[in-house]
Each structure stands twice: as C-alpha cells, then as structure tokens.
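What follows is each chain in one-letter form.
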Amino acid sequence: MRIDIITVVPHLLESPFAHSIMKRAQQKGLLEIQVHNLRDYTPYAHAQVDDYQFGGGAGMVMMPEPLVRAIESLQSERSYDDIIFMTPDGQRFEQKTANRLSMKENLMILCGHYKGIDERIREHFVTLELSIGDYVLSGGELAAAVVVDAVGRLIPGVLGDETSALFDSFQDDLLAPPVYTRPADFRGWKVPQELLSGDPKIIDAWRYEKALERTQQRRPDLLED
Ligand code: 6GU
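Each value, and the rule that gives it
Residues numbered from 1 in each chain as written. Predicted model: local features only at pLDDT ≥ 70, side-chain atom pairs only at ≥ 80, totals over all residues. Heavy atoms only, no water. Helix = DSSP H or I, 4+ residues; strand = E, 2+ residues; numbered from the N terminus. Expected span 1.5 Å × (residues − 1). Contact = heavy atoms within 4.5 Å. Near = heavy atom within 4 Å. Polar contact = N/O pair within 3.5 Å; in protein donor to acceptor, adjacent residues only side chain to side chain. Areas by Shrake-Rupley, 256 points an atom, 1.4 Å probe, with all protein chains shown as cover. Nonpolar A, V, L, I, M, F, W, Y, C, P; charged D, E, K, R; others polar.

Engineer: I tried to follow helix α2 (residues 64-75) on my own but got confused; where do I start?
Structural biologist: The α-helix advances 3.6 residues per turn, and as a result positions three or four apart in sequence lie on the same side. Relative to the 16 Å expected for twelve residues at 1.5 Å per residue, α2 spans 16 Å between its end C-alpha atoms, a close match to the ideal helical length. In the core, the buried residues of α2 are packed alongside β1 (2-7), β2 (32-37), β4 (60-62), β5 (82-92), β6 (106-111) and α4 (119-124).

Here is the structure:
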C-alpha cells in the first residue's frame, strides 16, 4: 500500500512512522508513506496557502489552487482508491473503517489546518472525510498519523504474528482480555491459574469470558448490536 499525505506541517509526520511497526512495514516494502509539503505546490508569492474567508470571521481557510495542484500532481502518477480529508466533522474513524482501508492500494490524505479547506475541494475531490473523535485538534496531522497507524498494521505481513491483530480490542466488537507476563507471582499478586494451565481450551475460554466481562463493564454499547 502507498499512502500520500498532503500537509502544511510535514515535520509533524516524521516521527510517527519512523519507529516500531510502521518502520518495519516500510522496511518490508509493504507500506510506502510519502509526506508532501503543500507549500511546494502553491503558485502564490511567499508560499501562501491560506487566505481570509469570504463572509468574514476569524480563522484562515486553505485555498483551492495549491490543494488542487498537489492532488492532481499526485493523481498524474497513480490513481487513488480514496482521497481522505481529516476533519472533526467527518465520519467517525473506527476499526471497521481501518479494516476496509487496509485492503486498498493507494490512499491520499489531506490534512486540514487553520479553519479548514475551501469547500469546493471537499465537493470535487474528497471521497472520504474522517474524524478520530469528538474533540478538536489544531490540525489533521495527528489524526492522519492515527489513521495510517491503524490501517498500516492491518496490512497482511506487517504484524509479526499473523494472528495477533485478530485478538485486538474491537476486532470482534469485544475489548481485549487482560494479559500477564513473568513472574507468575509478583509481590504475592498471582497470574490466573487458567493461563498457567497449558490447556488451550481452558485458556481460550478464560480469555473469552474476561473479554466479555470487561466489555460489559466498560463498553456495554459494543454488545448492543
Ligand atoms: Cl481529523 N482533525 C482535527 N483538526 N481535529 C480532529 C479530528 C481531525 N478528529 C478529531 N478531532
């Protein structure tokens, strides 16, 4: 999968993909992430990319021309399955969306800044608008990093143990069960006997029961449908 990200703050997106699983995904050739500075595409003086909004009001709006130049320049190289705009008024990004996006070949992500982007870009280019939750971030970059991480780790071969994503919280509408590591007795706090039993049936049953219990306690809404 290839993901192109357009932003006015490319530095914000350096570290999130340079470590851990995202780094390994790129090294394995399973994921290519290209971050593009919107200012490289503007025809205006002083690398201007935003302007006052028509009708007045506080906050600048990202101008259409630099965005269209960036988008069309990328589109001339390959076709995109989705052009995603990160925005707090978008559809809520959930595991189901991550699963669906992980099967795509080429994704483009636009990061909004300031008051947002000119509406005509949303109408004519954007195919999917995503929010990562009901709170406002200063820009779409951190939200884009969240989406790329959640999607990237689902690409087949990215996670070392192919089955491990299957046990994630939310993957089956259940929260993950508790986990333990050595020592089996830490300060007198003991690891549940079931996990030490060595019997896969006992272990699986215990994990399922705890996942269900935890979901009932913390997120009963997940069990409703
Ligand atoms: Cl995608 N962008 C911004 N600026 N704020 C957000 C968001 C996105 N999702 C939640 N809050």
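Engineer: Could you clarify how one ought to interpret the side chain of His 113 in this entry?
Structural biologist: With respect to the helices and strands, the residue His 113 is situated in the loop between β6 and α4. Here His 113 is in contact with Val 8, Val 9, Met 62, Ser 138, Gly 139 and Glu 141, once residues within four sequence places are set aside.

Engineer: Which parts of the structure should I look at to understand the site of the ligand?
Structural biologist: Neighbouring the ligand are Met 86, Thr 87, Pro 88, Leu 130, Ser 131, Ile 132, Gly 133, Tyr 135, Val 136, Leu 137, Gly 139 and Ala 143. Between the ligand and Ile 132, the relevant distance is 3.0 Å, taken from a nitrogen atom to a main-chain nitrogen or oxygen of the residue. The backbone of Leu 137 places a nitrogen or oxygen atom 3.0 Å from a nitrogen atom of the ligand. For the ligand, whose accessible area on its own is 290 Å², the fraction buried by protein is 96%. Broken down by secondary-structure element, the contributors of at least two residues to the shell around the ligand are β5 and β7 (128-131). Top element by residues in the shell around the ligand is β5. It accounts for three residues. Taken together, the residues of the shell around the ligand break down into eight nonpolar, four polar and no charged.

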